[in-house]
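What follows is the residue order along each chain.
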Amino acid sequence: MSTGSRILIVGAGGLSSPLIRLLAKSGVRHVTIVDDDVVEASNLHRQTLYTDADLGKPKIQRAADAITSLAPQLAVRSVEGRFVPNTAKELLEGHDLVVEGADNLATKFLVADAAHLAGVPAVQAGAVRWSGWAFCGLPGAACLRCLFEDIPRDRVETCAEAGVVGPVVGVLGALQAAFLYRWLAGERPAGELWHYEALRGALRRTHVRRRGECSLCSGEIQDLRQERYSAACAA
């Protein structure tokens, strides 16, 4: 297993809760966590990294404390704020892989675009209600835009608005951790997509191929213009 890797985590919510606990013992050297939210009671059913004692506190602070308590030797950098276009390149610099667990599509596309342009592998996931997905995009392979094409023009509800079942988020966060461990072990699960449906108890794996007309893979997208990710840049 490749030790000494530097991992960037975008979002310290439900998806990252199981990931962070598992990451602490993975042998990586450095972790950077980016988040701008605070712990809320309505989120505790899926954000299992936190307790009632953490309510009102920045997630970034509690997440860093959790990693440090599990792995004191692991270097942790906390960045309180959003992953936005004007800082994306700087945040990715020096990292070997990015794991994204944000709660909105604009940030997911921004992470995918920034990682692709920087040549950094991206492990991403999303969940709503009873189902969700986890995806691994590697340089030279399919990206998130090969799968979903673009941010929907119509507003899409976040998991906080539409609701999400806690165990669904936990399963997908664990799948992201599995992607990470496989990557550390030297495997490259490029373009691999897992879809989980809790009501049917179904977990399905498929392979996403690069699309010739993909705006990112074709080189049409060459920069991170702020207007492309307006929802991600909102205060």
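This write-up is about the structure you can find in this document. What you are looking at is a predicted structure, and each value in this text was computed from that prediction instead of being measured. Counting from 1, residues in each chain are numbered in the order their sequence is written. Confidence filtering applies because this is a predicted model: local features only for residues at pLDDT of at least 70, side-chain atom pairs given and counted only at 80 or more, and all residues used for totals across whole chains, interfaces and linings. Side-chain measures here rest on the full set of heavy atoms in the structure, leaving out hydrogens and waters.

### What to know about the nonpolar core
Side-chain atoms within 4.5 Å link the members of a nonpolar core, which is a set of buried Ala, Val, Leu, Ile, Met, Phe, Trp, Tyr and Cys residues. Exposure categories follow from relative accessible area, calculated using a 1.4 Å probe and restricted to protein chains: below 20% of the type maximum is buried, above 50% is exposed, and the middle band is partly exposed. Within the largest apolar cluster, 40 residues are counted, with the highest numbers of intra-cluster contacts made by I7, V31, I33 and L180. We count a stretch as a helix when DSSP gives it H or I for four or more residues in a row; a strand needs E for two or more, and each element gets its number in order from the N terminus. No other element matches the nine residues that helix 7 (residues 166–184) contributes to this core. In contact with I33, not counting residues within four places along its chain, are I9, A12, I20, I60, A63, A64, I67, V76, R77, S78 and V79. Counting 16 residues, the second-largest nonpolar core is a separate cluster that includes F83, L91, V111 and V120. Contacts are residue-level and defined by heavy atoms, with any inter-residue pair within 4.5 Å sufficient.

### Topic: the side chain of K59
Among the secondary structure elements, K59 is positioned in helix 2 (residues 59–70). In this structure the side chain of K59 is engaged in a polar contact, spanning 3.2 Å, whose partner is the side chain of Q47. Discounting chain neighbours no more than four positions away, the residues touching K59 are A12, G13, D35, D37, V38, V39, N43, Q47 and Y50. In the analysis that follows, any N or O atom pair within 3.5 Å is treated as a polar contact, provided that within protein one partner can donate a hydrogen and the other can accept it, and provided that, for residues neighboring in sequence, both atoms belong to side chains.

### Some points on the pattern of salt bridges
For this document, the term salt bridge refers to a Lys or Arg side-chain nitrogen within 4 Å of an Asp or Glu carboxyl oxygen. Taken as a whole and judged by the stated rule, the model has 16 salt bridges. Here R62 makes a salt bridge to D65, at a shortest N to O gap of 2.7 Å. With R62 and D65 both in helix 2, this residue pair falls three residues apart, about one helical turn. On the basis of relative accessibility, which here comes to 23%, the residue R62 falls in the partly exposed class. For R225, the salt bridge goes to E227, with nearest N and O atoms at 3.3 Å. One connected set of salt bridges, linked through shared partners, spans R182, E187, E192 and R205.

### A closer look at empty space enclosed by the protein
Grid spacing is 1 Å over the protein atoms alone, the probe is 1.4 Å, and a cavity is where that probe fits but cannot get out, while a pocket is an open set with protein on both sides within 12 Å along at least five of seven lines and lining residues have an atom within 4 Å of a point. Grid points are joined across faces, edges and corners, and a volume is the space filled by probe spheres set on the points. Within the structure shown, the criterion is met by one cavity of 30 Å³ or more. Roughly 100 Å³ of volume is contained in the largest cavity. Lining the largest cavity we find 14 residues, and of these A112, H116, G137, L138 and C143 sit closest to its centre. Residue assignment for the lining of the largest cavity shows that the elements contributing at least two residues are helix 4 (105–118), strand 5 (122–128) and strand 6 (131–137). By residue number, the principal contributor to the lining of the largest cavity is helix 4, which donates three residues. Among the residues making up the lining of the largest cavity, the classes are represented as 11 nonpolar, three polar and no charged. For this classification, the nonpolar set comprises Ala, Val, Leu, Ile, Met, Phe, Trp, Tyr, Cys and Pro, the charged set comprises Asp, Glu, Lys and Arg, and every other residue, Gly included, is treated as polar.

### A few points about the packing of helix 3 (residues 85–92) against helix 4
Running from N to C, helix 3 and helix 4 point in directions that differ by 50 degrees, and their axes come no closer than 10 Å. In terms of their interaxial angle, helix 3 and helix 4 are classed as oblique. Relative to helix 4, helix 3 is oriented so that their crossing is right-handed. Seen from helix 3, the contacting residues are P85, A88 and L92; seen from helix 4, they are L110, A114, A115 and A118. Residues that form the contact of helix 3 with helix 4 fall into these classes: seven nonpolar, no polar and no charged. Note on geometry: axes are C-alpha line fits, over the in-contact stretch for helices, and angles between N-to-C directions span 0 to 180 degrees. Angles are sorted into four bins: roughly parallel if under 35 degrees, roughly antiparallel if over 145, roughly perpendicular if 65 to 115, and oblique for all others. Should the near helix be turned counterclockwise from the far one by less than a right angle, the crossing is left-handed, whereas a clockwise turn marks it as right-handed.

### Notes on the sheet that holds strand 7 (residues 192–197)
As summarised here, the arrangement of the eight strands in space is 3-2-1-4-5-6-7-8, forming an open sheet in which the pairing is mixed. Since the sheet does not close on itself, it has two edges, and those belong to strand 3 (75–80) and strand 8 (202–207), each with one partner. Between one strand axis and the next, the sheet turns by 15 degrees as a mean value, whatever way the strands run. A pair of strands is labelled paired if DSSP reports no fewer than 2 bridges between them. The pairing of strand 2 (residues 30–35) with strand 3 spans six bridges and is classified as parallel. Across the sheet, V34 pairs through a bridge with V79, a residue of strand 3. Across the sheet, helix 7 lies against strand 1 (6–10), strand 4 (97–100), strand 5, strand 6, strand 7 and strand 8, angled at about 15 degrees from strand 6, the strand it touches most.

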